[in-house]
Structures are given as structure tokens and as C-alpha cells.
Amino acid sequence: EAGVTIKRIRLIDARVEVSPDVAFTSNGLVIQITKKGGDESDIAIDGDIAVFGNGIKVAGTVNIKPGDTSGKISLTADKLQPGSALGSLVSERNLRGVAEVSFRAAGTINSDGNISVVSLDNKDGSPGDEVGKLDYALEYDRNSDTASVSKLGFDLMNTVSGDLSGDIKDLTGGIVFDLHG
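Only a predicted model underlies this, so the values are computations on that prediction, with no experimental measurement involved.

**Q** Would you mind showing me how to read the pattern of salt bridges here?
**A** Between side chains of opposite charge, a pair can form when the charged atoms approach closely. Within this structure, the stated rule accounts for 6 salt bridges. When the shortest N-O distance is used, the salt bridge between lysine 57 and aspartate 46 registers 2.6 Å. Here lysine 57 is found in strand S6 (residues 54-65), whereas its partner aspartate 46 is found in strand S5 (residues 40-51), with 11 residues between them in sequence. Judged by its relative accessible area of 42%, aspartate 46 falls in the partly exposed class. A salt bridge links arginine 96 to aspartate 78; its shortest N-O distance comes to 2.7 Å. Taken together, the residues arginine 96 in strand S8 (residues 95-106) and aspartate 78 in the loop between strand S7 (68-77) and helix H1 (89-92) connect sequence positions 18 residues apart. Judged on exposure class, the residue arginine 96 and its partner aspartate 78 are both buried.

Structure, rendered in C-alpha cells:
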């Protein structure tokens, strides 16, 4: 039986088309795959991508074991990232978006994380006022097709905020929201 083992994927000055309308580019993105023994592997990703002209710094790790996969991913988008175009959302609005997400898939899928968007000072790029944030924690059970949301907190410009919890049912069908807060 012939096979191919990939240990490292490196994109330099690349354009990857996901669909006719969606493509991402990268000045430098490294994906390192390490076999740890048995059926366990680690994947590390570090570098930059640009989607719709918004430059995004990507960093993360994923540990893959039979029946138990977990990981953490961090994304930072702002006009200082490679690939950011002058007319992009982060450049025109002078914003920085940061997403920190962790997950584990072992029987059920658990995920928690936060997303924040801040305005940047025009002079030195330092963080200014927070425009919005979202914190969440959820568990998805494939057997019941339900996501149990233990935390869904949000704040938009200190004007609209809330904390919700509850269930989102029939995710692969009609989707029914049963959230409280």
C-alpha cells in the first residue's frame, strides 16, 4: 500500500480559491504536522492570511487522537497585518478584531471563546475604545442535534448588552432557539 506523509505545508505568496467568490491569500503560512506515536498527531499553524482584503494573523494548535480532538486557535485582524488592503473593512474603519477559540470533540463537541473588536488610535495603532465583544461556551450533542449554550454574552458599544443561555435545537434541520437571559 503506497501512502504519502505530509509533515509541513508552507504557503508563500499563495492564493487559494475556496469558491469562485471566496479566496484567501497568504504571504507566509506554515502548517506543521507532527506524529506523536500511535494514532496521535499535533498540528501547529502560524502565519498570515488575507480574506476579502482583511489581513489576519493566525496561530493555533490541534491535537488529534482517535475519539478525542482538541485545540486552540487565535485570529487577529487589523490594518497592520500582512495582506490588509486600503479599502478593507479593518483598514477603512481602523479596527482590530481578535478571536480566541478553544474546542474539544470527544463524544460531544465543546467550544468556548471570545471575540472582541476595538477601534485603533490613528496615530500609533494602539487600542482605543471597545466596539463590541462576544463570549461564549457551548456543547453540541450530535445524538440530540442540540447545542447547549451555557454562556452567550455580548456587548455592543456599551449600548446593547446581554447574557443568554439555553438550547439551540435541530441544528441540522429547522433550528429552534430556546435561549434565556
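Let us keep going from here.
**Q** Please clarify how unusual backbone geometry should be interpreted in this entry.
**A** With glycine set apart, most residues show a phi of negative sign, and most peptide bonds adopt trans. Although it is not a glycine, asparagine 94 sits at a positive phi angle of roughly 55°. By secondary structure assignment, the location of asparagine 94 is in the loop between H1 and S8. Despite not being glycine, aspartate 170 has its phi angle at roughly 55°, a positive value. Mapped onto the fold, aspartate 170 is located in the loop between strand S12 (160-169) and strand S13 (176-180). Under the relative-accessibility criterion, aspartate 170 is labelled partly exposed at 34%.

About the criteria used
Residues numbered from 1 in each chain as written. Predicted model: local features only at pLDDT ≥ 70, side-chain atom pairs only at ≥ 80, totals over all residues. Heavy atoms only, no water. Salt bridge = Lys/Arg side-chain N within 4 Å of Asp/Glu carboxyl O. Helix = DSSP H or I, 4+ residues; strand = E, 2+ residues; numbered from the N terminus. Buried < 20%, exposed > 50% of the residue type's maximum accessible area, 1.4 Å probe, protein only.

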